[in-house]
Amino acid sequence: MLEIKNLHVKLEEEEKQILKGVDLTVEAGKVHAIMGPNGSGKSTLSYVLSGRDGYEVTDGSASLAGDDILDMEPEERAAAGLFLAFQYPVEIPGVGNMTFLRTAVNAQRKARGQEEMSATEFLKVVRAKAKDLKIDADMLKRPVNVGFSGGEKKRNEILQMAMLEPRMCILDETDSGLDVDAMKLVAQGVNALRDEGRGFLVITHYQRLLDHIKPDVVHIMADGRIIKTGGPELALEVENNGYVDLLEGVAG
Amino acid sequence: MSNANPSPARAELSIDKTALITEGWSASARLRAADGVLQQGLPQPRDEYWKYTRPQSLTQTTTPSVSHLEEDNGELFADLDVLKLVFVDGIFDAAQSDVAEDESFDLEMLSDVKDVDIHWAGSLYGTLEAKGQTPVPRTLAQYNTAVAEQGILLHVKGEVQRPINLIYKRGTSAQSDALLHHTIKIDAGASVTVLETGPVGARANIVMEVDLGEGASLNHIRSLGRDAERLSVSHVFARLSSQSQLKSFSLTMNGALTRHETVVEINGDDAIAHVAGASVGDRGFHNDDTVFVTHDALRGESRQVFKKVLRNGATGVFQGKILVKDGAQKTDGYQISQALLLDEDSQFLAKPELEIYADDVACSHGSTSGAIDEDALFYLRARGVPHKTATNLLTLAFLAEAVEEIEDAHIAEILVTAIEGWLERRSG
């Protein structure tokens, strides 16, 4: 589903190499997790894949279901089925959450040559999905993320994911700022979307999110590269011993 | 500034006192106004009050040629049940207008009754304009009072159900110079909605004087077309008695020079004045909202909310003042002016002012200008919303705080649709 080859990325405005050759393939139906210490390049990877400004790809490639995504605009990547759940969802005063969701859903449908969703159909679907995530009607009416608690913002991200039904979901530290109950709720939302046609890349510092969203593959990222790949047990190793041993192992 | 090459040889409008209406109910007001103009002179570029907007194109005798853009969708408020009063190039056109048959108000045209001896408007015409000359002269309004022959004389006696829509159409002349003076008296407890729409003329000078009785209410909405080269200066003078309410909203789209002055005097206790505006323009657009609110009574509430979207070298100006006189305790004054600059060539010039002589008041003001929020833009695009749609969505969101000042949801929706149309036409 998502194929990243030898990806090198530097900051656009300074000579700072962040990604130094990332190789990663996420198959449809699989959940991959990336763990790593601060500054290892995890969030940069998610931003580069979703098309945020400020980064320059100096080498390598990334493709989604065979299509090169690095030359696409962010909205084209989204329409192609890529979704990034933001670490810090953005507040947008003056734009209603519902308007935002409907505009996004219909823009993607239009880009794919599909018929737009009618207002009534949309309302029906969004209400059902919001209910599963314990998002009340008031949250749908309010401006996007404005005045939302940390947990509400993350649930709102998952609601968007559920509405947009992407093929490839990247979750960037979705567990940050969540209490245990909120994390369970978010994990349930993600698990409900697990499907043989859909790939997941879960970026996290901590193992605890992976207790709820069970990964098939775990990667450890450090200094702009994936230094180790393994099964779920790798996450437990990190939880118990930290990153130090792993990093030393590589250096040695 | 909008008119970059002022010619020193340019002839300025002047008043011929022998040509004034010297008989009838308005004669003394006209003479006083004429003397005022002759003494003070019309606005000059060196005047502090005209620091950000060059007045020459408004004060010169020649009107420039202004091409007219036909609206594709007809009248702005075509979907509302309104009483239509049509002015073509500033001249009342009875044939295109509705006949007013309503016991809740009396309506006459200045052009029909300007020569009669006695009229109720005699105690109002020119008086609020005259008061509005201090502390800052507004001689274009004074000029208007002296020579105006067109406009409505509206006496509101009850709750007027149907909005009164002053529809300003362009005629065949590319250089029409329209001059209108509306005089509105709203009795105690009475209320009315007045809508002003359409391009008026190549150049327009409009004065509206409104006297609100106790508990009276005026809802005023204005959108004066979108002819790109048009020039207009307008003055709303409002006097508020106790518990009365003024709500005035202007949508300004396009125009080479639009200067809207609103002068509010809160004379009675517990009165409310909300003056708001949304502006969108590009290239040669120069839009100036100048507001002066005087609190001279207890517990007055005033709000000024202005939002301007500027593109491709457009200029927005806001001069807003709240004057709280000695004794006007518990005044609640709020003022915000903000510009969204869609590129680096556009500029916003703001002069917010507070002058407070009472010690128990809450007044605040703020002014900002900024670009589109890049984080919000990326967030929308990452959800599949195309760049232009996302920009338009954020632009509308920026204007929302001003639009929310409009009480009537249907009217607000019509104006938002008009703004959306403007944005979409520029999204290519």
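Residues numbered from 1 in each chain as written. Chains lettered and ligands numbered in written order. Predicted model: local features only at pLDDT ≥ 70, side-chain atom pairs only at ≥ 80, totals over all residues. Heavy atoms only, no water.

Q: Requested: an account of the overall build of chain B, with residues and values cited.
A: Scanning chain B from terminus to terminus reveals eight helices and 19 strands. Over its C-alpha trace chain B gives a radius of gyration of 21 Å, about what one expects of a compact globule, namely 22 Å for 428 residues. Dimensions of chain B along its principal axes, counting C-alpha atoms only, are 70 × 50 × 45 Å. When each of the 428 residues of chain B is scored for burial, the buried share is 59%. Each charge sign in chain B was given a centre, from 38 positive and 63 negative side chains, and these centres are 5 Å apart. (Helix = DSSP H or I, 4+ residues; strand = E, 2+ residues; numbered from the N terminus. Rg over C-alpha atoms; globule rule 2.2 N^0.38 Å. Buried < 20%, exposed > 50% of the residue type's maximum accessible area, 1.4 Å probe, protein only. Lys, Arg positive; Asp, Glu negative; His and termini not counted. Charge placed at Lys NZ, Arg CZ, Asp CG, Glu CD.)

Q: Which residues make up the interface of chain B and chain A, and what values do they have?
A: Facing the 16 residues of chain B at the interface are 27 residues of chain A. It is Phe378(B), Tyr379(B) and Arg383(B) that lose the most area in chain B upon contact with chain A, and together they represent 44% of the buried surface on that side. Our count for the contact surface shared by chain B and chain A stands at four salt bridges. Between Glu75(A) and Arg381(B) there is a salt bridge whose closest N-O contact spans 2.7 Å. There are 11 residue pairs in polar contact (both at pLDDT 80 or more) connecting chain B and chain A. Every element with two or more residues in the side of chain B that touches chain A is listed here: helix 6 (374-382) and helix 7 (387-403) of chain B. The dominant element in the side of chain B that touches chain A, judged by the number of residues it contributes, is helix 6 of chain B, at seven residues. Of the residues in the side of chain B that touches chain A, the class split is 10 nonpolar, three polar and three charged. (Contact = heavy atoms within 4.5 Å. Buried area = accessible area lost by both parts, 1.4 Å probe. Salt bridge = Lys/Arg side-chain N within 4 Å of Asp/Glu carboxyl O. Polar contact = N/O pair within 3.5 Å; in protein donor to acceptor, adjacent residues only side chain to side chain. Nonpolar A, V, L, I, M, F, W, Y, C, P; charged D, E, K, R; others polar.)

Q: Report on the side chain of Thr103(A), specifying residues and quantitative values.
A: Among the secondary structure elements, Thr103(A) is positioned in helix 3 (residues 97-111). At 2.6 Å, the side chain of Thr103(A) and the backbone oxygen of Thr99(A) are in polar contact.

Q: Tell me what's going on with the confidence of the model for chain B, and back it up with residues and numbers.
A: Residue and element names in this part refer to chain B. Summary statistics for chain B give a mean pLDDT of 94 and a share of 97% for residues scoring 70 or more. Residue range residues 1-6 is modelled with pLDDT below 50. Its contacts to residues more than four positions away, or to other chains, number 17 contacts. The ipTM, which scores confidence in the relative placement of chains, is 0.95 for this predicted complex, and the corresponding pTM is 0.90. (pLDDT = per-residue confidence, 0-100.)

Q: Go over the packing of helix 6 (residues 150-164) of chain A against helix 7 (residues 180-193) of chain A with me, naming the residues and quoting the values.
A: Residue and element names in this part refer to chain A. In contact at an axis separation of 9 Å, helix 6 and helix 7 are set at 10° when each is read in the N-to-C sense. Judged by the angle between their axes, helix 6 and helix 7 are roughly parallel. Residues Lys154, Arg155, Ile158, Met161 and Ala162 of helix 6 form the contact with helix 7, whose participating residues are Leu185, Val186, Gly189, Val190 and Leu193. Each residue belonging to the contact of helix 6 with helix 7 can be placed in one class, and the counts come to seven nonpolar, one polar and two charged. (Axes fitted to C-alpha atoms, helices over the stretch in contact; angles between N-to-C directions. Parallel < 35°, antiparallel > 145°, perpendicular 65-115°, else oblique.)

Q: Help me get a handle on the nonpolar core, residues and values and all.
A: Counting 117 residues, the largest nonpolar core has Ile4(A), Leu7(A), Leu45(A), Ile92(A), Leu159(A), Met161(A) and Phe249(B) as the members making the most contacts within it. Element by element, the count of residues in this core is highest for helix 7 of chain B, at nine residues. Not counting chain neighbours up to four residues away, the residues in contact with Leu45(A) comprise Ile4(A), Leu7(A), Leu19(A), Val22(A), Leu24(A) and Ile34(A). Listed in part, the 48 residues of the second largest apolar core include Leu85(B), Phe87(B), Ile206(B) and Val264(B). (Core = buried A, V, L, I, M, F, W, Y, C linked by side-chain atoms within 4.5 Å.)

Q: Kindly report on the pairing of strand 5 (residues 164-169) of chain B, identifying the contributing residues and their values.
A: All names here are of chain B. Most of strand 5 is tucked away, with five of its six residues classed as buried. Pairing of strand 1 (residues 83-88) with strand 5 involves six bridges; the strand directions are parallel. Within the sheet, the bridge partner assigned to Phe87 lies in strand 5 and is Tyr168. When strand 5 meets strand 7 (residues 191-197), the two strands line up parallel, connected through four bridges. Note that in strand 7 the partner of Asn165 across the bridge is Leu195. (Pairing = 2+ DSSP bridges.)

Q: I'd like to hear about helix 7 of chain B, residue by residue, with values.
A: For helix 7 of chain B, built from 17 residues, the straight-helix expectation of 24 Å at 1.5 Å per residue is met to within 8% by its first-to-last C-alpha distance of 24 Å. Of all 17 residues in helix 7 of chain B, 13 are buried; the element is thus mostly enclosed. (Expected span 1.5 Å × (residues − 1).)

Q: Report on a negative patch on the surface, specifying residues and quantitative values.
A: Taken together, the side chains of Glu12(A), Glu13(A), Glu14(A), Asp53(A), Asp373(B) and Glu374(B) define an acidic patch exposed on the protein surface. For Glu14(A), the location among the structural elements is in the loop between strand 1 (2-11) and strand 2 (17-26). (Patch = residues over 30% accessible without salt bridge, like charges linked within 9 Å, V, L, I, M, F, W, Y side chains within 5 Å. Areas by Shrake-Rupley, 256 points an atom, 1.4 Å probe, with all protein chains shown as cover.)

Q: How would you explain the sheet that holds strand 10 (residues 199-204) of chain A if you had to name every residue and give the values?
A: Residue and element names in this part refer to chain A. Taking strand neighbours across the sheet as the criterion, the six strands line up as 6-9-10-3-11-12 in an open arrangement whose pairing is mixed. Whereas interior strands pair on both sides, the edge strands pair on one side only; in this sheet they are strand 6 (82-85) and strand 12 (225-230). Each adjacent strand pair in this sheet contributes to an overall mean axis angle of 20°, direction not counted. Across four bridges, strand 3 (residues 31-35) lies against strand 11 (residues 217-222) in parallel orientation. Looking across to strand 11, one finds that Ile34 is bridged to His219.

Q: Go over the side chain of Asn287(B), please, and point to the residues and values.
A: All names here are of chain B. Residue placement: Asn287 occurs in strand 14 (residues 286-295). Of the polar contacts made by the side chain of Asn287, one reaches the side chain of Thr258; its length is 3.1 Å. Residues contacting Asn287, with those up to four places away along its chain left out, are Thr252, Thr258, His260, Ser279, Lys308, Thr315, Gly316 and Val317.

Q: Can you lay out the pairing of strand 11 of chain A for me, pointing to particular residues and giving the numbers?
A: For strand 11 of chain A, the buried fraction is high: six of the six residues fall into the buried class. Between the end of strand 11 of chain A and the start of strand 12 of chain A, which pair antiparallel, lie two residues, with Asp223(A) showing a positive phi angle near 50°.

Q: Go over the sheet that holds strand 4 (residues 152-156) of chain B, please, and point to the residues and values.
A: All names here are of chain B. The strand order across the open sheet formed by nine strands is 3-4-6-8-10-12-14-16-18, and the pairing between neighbours is mixed. Each edge of the sheet is formed by a strand with only one pairing partner; in this case those strands are strand 3 (105-109) and strand 18 (347-356). Going across the sheet, the axis of each strand differs from the next one's by a mean of 5°, ignoring polarity.

Q: How would you sum up unusual backbone geometry? Please name residues and give values.
A: Residue and element names in this part refer to chain B. Look at the link from Thr134 to Pro135: it is a cis peptide, with omega at 0°. Here Pro135 lies in the loop between helix 4 (127-131) and helix 5 (139-147). Residues other than glycine seldom take positive phi values, yet Asn254 does so here, at roughly 60°. By the secondary structure assignment, Asn254 is in the loop between strand 11 (245-253) and strand 12 (257-266). In this structure Asn254 comes out as buried when scored by relative accessible area, which is 6%. Here Asp270, not a glycine, exhibits a phi torsion of approximately 60°, which is positive.

Q: Provide a residue-level description of the packing of aromatic side chains, including the pertinent values.
A: In total, this model carries eight aromatic pairs over all chains according to the counting rule given. Aromatic side chains Phe86(A) and Phe378(B) sit 5.7 Å apart centroid to centroid with 50° between the ring planes, which places their arrangement in the tilted category. Of the two residues, Phe86(A) is situated in the loop between strand 6 and strand 7 (92-96) and Phe378(B) in helix 6; the pairing between them involves two chains. Of the residues examined, Phe378(B) reaches a relative accessible area of 8% and is grouped as buried. (Phe/Tyr/Trp six-rings, centres within 6.5 Å; stacked < 30°, edge-to-face > 60°.)

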